[in-house]
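Now for the letters of each chain:
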Number of protein chains: 2
Amino acid sequence: MSADAADLLALLAERGWTLGTAESLTGGLVAATIVAVPGASRVFSGSVVAYDPAVKISLLGVDHDLVDRVGTVDEQVVTQMAKGAQRRLGVDVAIATTGVAGPGPSEGHPAGTVWLACATPAGIVTRRLTLTGGRATVRADAVAAALGLGHEAVSAAS
Amino acid sequence: MSADAADLLALLAERGWTLGTAESLTGGLVAATIVAVPGASRVFSGSVVAYDPAVKISLLGVDHDLVDRVGTVDEQVVTQMAKGAQRRLGVDVAIATTGVAGPGPSEGHPAGTVWLACATPAGIVTRRLTLTGGRATVRADAVAAALGLGHEAVSAAS
């Protein structure tokens, strides 16, 4: 069973850690799912929604040459997004998402190709997803998987 | 009838203007509502979700003394958030939200007190809302009002 936002916030509160997100294809939906939990402000600081690749570079510090070379649907890019959010938002834990919501392919990747990362004080965990369904389903499943990865990464980083 | 996200994106595309958001109580839900529209990436650049007052100051350039003096549920604060998003995201138009989602009051304001701003190349428009209902309803109504204010402000800024 995947962990939901309330589980993740409770685990972070136990650790005394703050949380932020860096979101591309989910477009703010991970953050919005987190703040739907009353009391989220005790743990959650904020998010950088970097939909435009230029914002990934300017606000999250993703390497320009990397984006030129591999595009934005990439493990190194999502890793840099998570580290950038940790730094820019001043948080202990950052969850990042990038990928193709669809309906069509993008940058040579089919819709449903998603990279997630979670940066904690203990390091970085990444995961690649291959999701099916329409734009809304891909995005909702990416949000659920991102919260689940956050819970796993924080649990392991005790 | 209030304008929805697709209407706002179509109007911005006509103008050739890009869009970003700066969100406090809506926590990324304005951005998530915008990216639910296929093709949003032609207009929408990203968002700074500044849930923690410290992020409003560090990432959006809201004045520290102002926050100390008046708190975060304030017309000047939401104005500075919108201008900060224009600058940090490099967009033509920025919509900002701050307020109290509830369930309880915050900073002396009852749940449902919301300030919105929309910054365009023609200036700033602000609006105060007094919403009723639970946390999810307040937030959903704030998102709808923010998209409506964006549409009005961009229409007027021809």
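Higher on the page you've got the structure.
Residues numbered from 1 in each chain as written. Chains lettered and ligands numbered in written order. Predicted model: local features only at pLDDT ≥ 70, side-chain atom pairs only at ≥ 80, totals over all residues. Heavy atoms only, no water.

(A) How the structure looks around the side chain of Glu23 of chain A. Residue and element names in this part refer to chain A. Locating Glu23 in the fold gives a position in strand S1 (residues 19-23). Despite its burial, Glu23 pairs with no opposite charge, the nearest such side chain being Arg139 at 7.7 Å. Side-chain polar atoms of Glu23 contact the side chain of Thr21, separated by 2.9 Å. There is a polar contact of 2.7 Å between the side chain of Glu23 and the side chain of Thr26. In this structure, Glu23 is in contact with Gly28, Leu29, Val30, Ala31, Ser47, Val48, Val49, Ala50, Tyr51, Met81 and Thr97, ignoring residues within four places of it in sequence. (Helix = DSSP H or I, 4+ residues; strand = E, 2+ residues; numbered from the N terminus. Buried < 20%, exposed > 50% of the residue type's maximum accessible area, 1.4 Å probe, protein only. Lys, Arg positive; Asp, Glu negative; His and termini not counted. Salt bridge = Lys/Arg side-chain N within 4 Å of Asp/Glu carboxyl O. Polar contact = N/O pair within 3.5 Å; in protein donor to acceptor, adjacent residues only side chain to side chain. Contact = heavy atoms within 4.5 Å.)

(B) Focus on the relation of the copies chain B and chain A. For the match of chain B to chain A, the screw axis carries a shift of 0.0 Å, the RMSD comes to 0.0 Å, and the turn is 180 degrees. A rotation of that kind, with that shift, is consistent with a two-fold axis. Take the interface residues of chain B: 100% of them recur as interface residues in chain A, which is what a same-surface contact looks like. (Least-squares fit on C-alpha atoms with pLDDT ≥ 70 in both.)

(C) Region of the structure containing the packing of aromatic side chains. Summed over the entire model, instances satisfying the criterion amount to 2 aromatic pairs over all chains. Considering the side-chain rings of Phe44 of chain A and Tyr51 of chain B, the 5.9 Å spacing of their centres and the 55 degrees angle between planes classify their relative orientation as tilted. Taken together, the residues span two chains, with Phe44 of chain A in strand S2 (residues 44-50) and Tyr51 of chain B in the loop between strand S2 (44-50) and helix H3 (53-60). Residue Phe44 of chain A is classed as buried on the basis of its relative accessible area of 1%. (Phe/Tyr/Trp six-rings, centres within 6.5 Å; stacked < 30°, edge-to-face > 60°.)

(D) Broad picture of the sheet that holds S2 of chain A. Spatial strand order, S5(A)-S4(A)-S3(A)-S1(A)-S2(A)-S2(B)-S1(B)-S3(B)-S4(B)-S5(B): 10 strands in an open sheet with mixed pairing. Taken across any chain shown, the strands that pair with only one partner, and hence form the sheet edges, are strand S5 (123-130) of chain A together with strand S5 (123-130) of chain B. The sheet shows a mean angle of 10 degrees between the axes of neighbouring strands, direction not considered. Both strand S1 (residues 19-23) of chain B and S2 of chain B contribute to a ladder of 5 bridges, which runs parallel. For Glu23 of chain B, the partnering residue across the bridge sits in S2 of chain B and is Val49 of chain B. Lying on the sheet, helix H5 (residues 75-89) of chain A is in contact with S1, S2, strand S3 (93-99), strand S4 (113-120) and S5 of chain A; it crosses S3 of chain A at an angle near 145 degrees. Relative to strand S4 (residues 113-120) of chain B, helix H6 (residues 135-156) of chain B is tilted by about 30 degrees, and along the sheet it contacts strand S3 (93-99), S4 and S5 of chain B. (Pairing = 2+ DSSP bridges. Axes fitted to C-alpha atoms, helices over the stretch in contact; angles between N-to-C directions.)

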